[in-house]
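Here's the letter readout for the chains.
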Amino acid sequence: MDCEKCDAYIATINDDQKLREKTAKLWAKLNNAPILPEHINCQGCRVDGIKTVFCDSICSIRSCAMKKGVDTCGDCSNLEICPTVRVIHENNPSDLKNLKE
């Protein structure tokens, strides 16, 4: 929910191979998926450029924002009542605050 705090974004911006490797290992374990260090490249949702496979193709939040023509769900008038992000906001209220700012 905050690209600037995402390890894939940080690894890409800083060209940090060790962080890519660490992140790939963690994400592979958490998602039970074959995630490799070369998959850990992302310049963020708000800009054109490379994105992780998840952010580019799988993330329901980003897909919804794109369909509605907004940069992020923070720009959506339905943000506070949105069922797509409700679970995230319920578990991490600081994300909702961050999106509103």
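My aim in this report is to walk through the structure given alongside it, one point at a time. (Residues numbered from 1 in each chain as written. Predicted model: local features only at pLDDT ≥ 70, side-chain atom pairs only at ≥ 80, totals over all residues. Heavy atoms only, no water.)

**A few points about the environment of Thr 84**
Thought 1: Within the fold, Thr 84 resides in helix α5 (residues 83-91).
Thought 2: Expressed as a C-alpha distance, the spacing of Thr 84 and Cys 73, which sit eleven residues apart in the sequence, is 9.6 Å.
Thought 3: Among residues more than four places away in sequence, those in contact with Thr 84 are Ser 60 and Ile 61. (Helix = DSSP H or I, 4+ residues; strand = E, 2+ residues; numbered from the N terminus. Contact = heavy atoms within 4.5 Å.)

**Here's the deal with the pattern of salt bridges**
Thought 1: Following the criterion strictly, the structure yields two salt bridges and no others.
Thought 2: In this structure, the salt-bridge partner of Asp 56 is Arg 62, at a minimum N-O distance of 3.8 Å.
Thought 3: A residue is classified by how much of its surface remains accessible, and Asp 56, at 46% relative accessible area, is partly exposed.
Thought 4: Here Arg 62 falls in the buried class, since its relative accessible area comes to 15%. (Salt bridge = Lys/Arg side-chain N within 4 Å of Asp/Glu carboxyl O. Buried < 20%, exposed > 50% of the residue type's maximum accessible area, 1.4 Å probe, protein only.)

**Quick notes on the packing of helix α1 (residues 7-14) against helix α2 (residues 17-31)**
Thought 1: For the pair α1 and α2, the least separation of the axes is 9 Å and the interaxial angle reads 160°. Taken together, α1 and α2 sit at an angle that is classed as roughly antiparallel. Judged by the twist between their axes, the crossing of α1 over α2 is left-handed. Together, Asp 7, Ala 8, Ile 10, Ala 11 and Thr 12 of α1 and Leu 19, Arg 20, Thr 23 and Trp 27 of α2 make up the contact between the two elements.
Thought 2: Taken together, the residues of the contact of α1 with α2 sort by class into five nonpolar, two polar and two charged. (Axes fitted to C-alpha atoms, helices over the stretch in contact; angles between N-to-C directions. Parallel < 35°, antiparallel > 145°, perpendicular 65-115°, else oblique. Left-handed = near helix turned anticlockwise from the far one by under 90°. Nonpolar A, V, L, I, M, F, W, Y, C, P; charged D, E, K, R; others polar.)

**Points about the side chain of Asn 41**
Thought 1: Counting through the fold element by element, Asn 41 comes out in the loop between α2 and α3 (53-58).
Thought 2: Not counting the four nearest positions on each side in its chain, Asn 41 is found in contact with Thr 12, Arg 20, Ile 50, Lys 51 and Thr 52.

**Looking at the nonpolar core**
Within soluble globular proteins, side chains that are nonpolar generally end up buried alongside one another.
Thought 1: Counting nine residues, the largest nonpolar core consists of Ala 8, Ala 11, Leu 19, Ala 24, Ala 28, Ile 35, Ile 40, Cys 42 and Cys 55.
Thought 2: For this core, the secondary structure elements donating two or more residues are α1 and α2.
Thought 3: Looking at this core, the element that brings in the most residues is α2, giving three residues.
Thought 4: By size, the runner-up hydrophobic cluster in this structure holds eight residues, among which are Cys 59, Ile 61, Leu 79 and Leu 99. (Core = buried A, V, L, I, M, F, W, Y, C linked by side-chain atoms within 4.5 Å.)

**Topic: the state of the cysteines**
Thought 1: The full count for this structure, using the stated rule, is zero disulfides.
Thought 2: No disulfide involves Cys 59; its sulfur sits 6.1 Å from the nearest other cysteine sulfur, which is in Cys 55.
Thought 3: The class for Cys 59 is buried, based on a relative accessible area of 13%.
Thought 4: Cys 76 forms no disulfide, and the closest cysteine sulfur to it belongs to Cys 64, at a distance of 6.2 Å.
Thought 5: Since its relative accessible area comes to 14%, Cys 76 is described here as buried. (Disulfide = S-S within 2.5 Å.)

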